Each structure stands twice: as C-alpha cells, then as structure tokens.
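The chain contents come next:
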Amino acid sequence: MNGKLRVMLGQPASVPGFEVALHRSLTEPILIAGAPRGFAILNGTLAASVGLGLRLWLAGLLIWLAGHAIAVWVTRKDPAFLTVLSRHVRHKGALRC
C-alpha cells in the first residue's frame, strides 16, 4: 500500500515494535547457476545417469545443457514458474472447469 492509502484508512505508516529487518536471502529463490535448486539437482542426476550409467556421454551432456538452459530461461521470466507448474500438475483434476 502506498502512503496516501494508509493515511486515508487511518493507519500509521509504521507501528512501533512491529518492524523487523528482513534479509534479502529470505525472499529470493535458491538458485544453482541460475536454475532452481531442486530442478538443477534433478536435471544433473538424470544427465549423469544417462552419461555415466548408459555410457552415452554426448546424450547426457545434451540433456543437461538443454534442461539447464530451459530452466534458466523460465526462471528469468518468472522465478516461481517451476513451483507453480508442479502444483498445477499435482492438482490438475481437482480444478476442472
């Protein structure tokens, strides 16, 4: 809310004793090289299993590179995109129109 609206509602701009310094790291998502941490770990594990387990080095590298590039691009557009996507997939049938 801006200052004018608070004054109109009769609320003070700040209430003494109810202000807390909030560190920036508590509000930003945790990223690994620009991709969300959970997705980066999942993508790296999948690429490593293909590259090392199946001995398809090039395929593993391409899976990692494509997945990471897409995750970084999507995260730059909307940091909460992958969280919202996972919730959408989980609750798909419950919210049918």
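Keep in mind that this is a model prediction, so the values were computed, not measured.

S.K.: Can you break down the overall build of the protein residue by residue, with the values?
M.R.: Counting its secondary structure elements, the protein contains four helices and two strands. In the protein, the succession of α and β elements from N to C terminus is α-β-β-α-α-α. Burial statistics for the protein: of 97 residues in total, 14% are counted as buried. Considering only contacts in the protein between residues 6 or more positions apart, those separated by 24 or more positions represent 46%. Working note: accessible area of the protein is about 8,400 Å², and carbon and sulfur atoms make up 67% of it.

S.K.: A description of the pattern of salt bridges should follow, citing residues and the corresponding values.
M.R.: Under the defined criterion, the tally for this structure stands at one salt bridge. In this structure, the salt-bridge partner of Glu 28 is Arg 24, at a minimum N-O distance of 3.0 Å. The class of Glu 28 is partly exposed, set by a relative accessible area of 40%.

S.K.: Describe the environment of Gly 44, and please don't skip the residues or the numbers.
M.R.: Relative to the assigned elements, Gly 44 resides in helix α2 (residues 37–53). Look at Gly 44 and you get partly exposed, because its relative accessible area is 26%. The spacing of Gly 44 and Ile 63 is 19 residues in sequence and 8.8 Å in space, taken between C-alpha atoms.

S.K.: So what's going on with α2? Which residues, and what values?
M.R.: For α2, which comprises 17 residues, the first-to-last C-alpha distance of 23 Å matches the rise-based estimate of 24 Å (1.5 Å per residue) to within 8%. Taken as a whole, α2 has its buried residues at Ala 40, Asn 43, Ala 47, Val 50 and Gly 51. All buried residues of α2 lie within an arc of 105 degrees about the axis, which places them on one face of the element. Seen from the buried face of α2, the exposed residues on the opposite side, beyond 90 degrees, are Gly 38, Leu 42, Leu 52 and Gly 53. Within two residues after α2, Arg 55 carries a phi angle of roughly 60 degrees, on the positive side.

S.K.: Could you give an account of the confidence of the model for the protein, naming the residues involved and the relevant values?
M.R.: Residues at a pLDDT of 70 or more form 84% of the protein, whose mean pLDDT is 84. Here helix α1 (residues 3–9) is the element of the protein with the lowest mean pLDDT, 52, and helix α3 (residues 57–77) is the one with the highest, 96.

S.K.: Tell me what's going on with unusual backbone geometry, and back it up with residues and numbers.
M.R.: Non-glycine residue Ala 33 carries a positive phi angle of around 55 degrees. Take Ala 33: it is sitting in the loop between β1 (31–32) and β2 (35–36). A residue is classified by how much of its surface remains accessible, and Ala 33, at 63% relative accessible area, is exposed. For Arg 55, which is not glycine, the phi dihedral falls at a positive 60 degrees. By relative accessible area, which is 67% here, Arg 55 ends up exposed.

Here is what the cut-offs are and how they apply
Residues numbered from 1 in each chain as written. Predicted model: local features only at pLDDT ≥ 70, side-chain atom pairs only at ≥ 80, totals over all residues. Heavy atoms only, no water. Helix = DSSP H or I, 4+ residues; strand = E, 2+ residues; numbered from the N terminus. Buried < 20%, exposed > 50% of the residue type's maximum accessible area, 1.4 Å probe, protein only. Contact = heavy atoms within 4.5 Å. Areas by Shrake-Rupley, 256 points an atom, 1.4 Å probe, with all protein chains shown as cover. Salt bridge = Lys/Arg side-chain N within 4 Å of Asp/Glu carboxyl O. Expected span 1.5 Å × (residues − 1). Arc of directions from axis to C-beta. pLDDT = per-residue confidence, 0-100.

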